[in-house]
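Structural features, examined
So the chains spell out like this:
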Amino acid sequence: MVTVKAPSRGVQPNKLSSQPYLKIVSLSVISFLIGWFMSAGYFTLLFRGAKNAQDDTKHTTNNKITDNGIPNEYWTLTKDELADWLECEQYYKAGRPVHSQDDWVALRNAYRNVVGPEHSSLLPNDGLDGFGTVPVHAKISDEKGRGVYALDTIPQGTLVWTSRHQSAQFTTGLQFRKFLASISVPMACDVLMWAYVHNIGTPERKKYRISCDLDAGSFINSAQFEGADHDETEANIGCIDEFDDDEMDDNLSEHADSGCPENLFALRDIEPGEEILCRYGDFALKKGWRKFGL
């Protein structure tokens, strides 16, 4: 006879009691995945930030000054201290490139974003730089690094370069610091090398500005450059007060008045292959940075 056993009344798996365990496991898995993705994203951002600090063409916020907050010390450093803080010497020693038109346009846009389009000193036409159609080109030499050289003869009296096209002017030290914070470290180091303080007013009514030429005009070297060749000890472009508009070369004349202080003329005939040289002391105020807390 077949005996049919009754269902056991022992302890059975309780479906309800297993649900808290499953919830704990699920939450743990979800937490792990969220943490992993956040960690991966964080390290991706770190990698991109480090790469951009070495890549001029990115023009991203530099790696020492982030959107999360600028260190208090940044606002009190002088111009030279800023260069030390950004460790600019490593970029200068490595050699800096001749920048492309895209690089200049990116810098101009960064400047406009800081001061506002209505306060920009730049021409809206990014295709026109301070040289206009003067036959020059920028290149790197073993002796000096970057410089500007004549491609053809430039007759005496030619308006070679004007600051009225692409020279960024800053009315406060705060604007200048914000501009540095908005570009890559290598570019900020270039700007610190190029920028100067000058008086755009009159001797009686001074109007000081920090300026940085956002075109190849920044590559023009000074005639007093240490180690310059003997025939390069004199500037070949500079200010000529006595020029009248009728005497000035037609090049750029529609965009610039004759004379000083914003224009640099050929002081003599400049031969092909000759480096374009000015005198920084004619316009840059060596102690002018103090007026802006820099």
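Residues numbered from 1 in each chain as written. Predicted model: local features only at pLDDT ≥ 70, side-chain atom pairs only at ≥ 80, totals over all residues. Heavy atoms only, no water.

Some words on unusual backbone geometry
Note on backbone geometry: most residues besides glycine have negative phi, and most peptide bonds are trans. With a phi angle near 60°, Glu87 is a residue other than glycine that sits in the positive phi range. Structurally, Glu87 can be placed in the loop between helix H2 (79-85) and helix H3 (89-94). (Helix = DSSP H or I, 4+ residues; strand = E, 2+ residues; numbered from the N terminus.)

What about the sheet that holds strand S5 (residues 196-199)?
Taking strand neighbours across the sheet as the criterion, the 3 strands line up as S4-S6-S5 in an open arrangement whose pairing is antiparallel. Of all strands in the sheet, those with a lone pairing partner are strand S4 (167-170) and S5, marking the two edges. This sheet shows a mean twist of 40° between the axes of neighbouring strands, independent of strand direction. (Pairing = 2+ DSSP bridges. Axes fitted to C-alpha atoms, helices over the stretch in contact; angles between N-to-C directions.)

Things to note about the packing of helix H5 (residues 173-181) against helix H6 (residues 185-194)
Across the interface, H5 lies against H6 with an axial gap of 9 Å and an inter-helix angle of 145°. Together, Phe176, Phe179 and Leu180 of H5 and Ala188, Val191 and Leu192 of H6 make up the contact between the two elements. (Contact = heavy atoms within 4.5 Å.)

A look at the state of the cysteines
By the definition in use, this model includes 1 disulfide. Across the disulfide from Cys88 sits Cys189; the S-S distance is 2.0 Å. With the S-S dihedral at roughly -80°, the linkage between Cys88 and Cys189 falls on the left-handed side. A residue pair is termed long-range when its members are at least 10 positions apart, and Cys88 in the loop between H2 and H3 and Cys189 in helix H6 qualify at 101 residues. (Disulfide = S-S within 2.5 Å.)

Topic: the packing of aromatic side chains
Both the distance between ring centres and the angle between the ring planes are used here to describe each pair of aromatic rings. Scanning the entire structure with this criterion turns up 12 aromatic pairs. Ring centres of Phe170 and Phe176 lie 5.4 Å apart, and the angle between their planes is 80°; this geometry places the pair in the edge-to-face category. The exposure class assigned to Phe176 is buried, which follows from its relative accessible area of 0%. (Phe/Tyr/Trp six-rings, centres within 6.5 Å; stacked < 30°, edge-to-face > 60°. Buried < 20%, exposed > 50% of the residue type's maximum accessible area, 1.4 Å probe, protein only.)

Let's talk about the layout of surface pockets
Reported here for the largest pocket is a volume of approximately 1000 Å³. Around the largest pocket, the lining comprises 38 residues; the ones closest to its centre are Met193, Trp194, Ser218, Ile220 and Tyr280. (1 Å grid on protein atoms, 1.4 Å probe; cavity = no way out; pocket = protein on both sides within 12 Å on 5 of 7 lines; lining within 4 Å. Points joined across faces, edges and corners; volume = space filled by probe spheres on them.)

As for the environment of Trp161
The residue Trp161 is located in strand S3 (residues 159-162) in this model. Separated by 29 residues in sequence, Trp161 and Gly132 place their C-alpha atoms 7.5 Å apart. Setting aside residues no more than four positions away along its own chain, Trp161 makes contact with Gly130, Phe131, Ser167, Asp213, Asp215, Gly217, Glu262, Asn263 and Leu264. At a separation of 3.4 Å, a polar atom in the side chain of Trp161 contacts the side chain of Asp215. (Polar contact = N/O pair within 3.5 Å; in protein donor to acceptor, adjacent residues only side chain to side chain.)

What about the environment of Gly145?
Examined against the element boundaries, Gly145 turns out to sit in strand S2 (residues 145-150). Apart from residues no more than four positions distant in its own chain, Gly145 is found in contact with Lys139 and Ile140.

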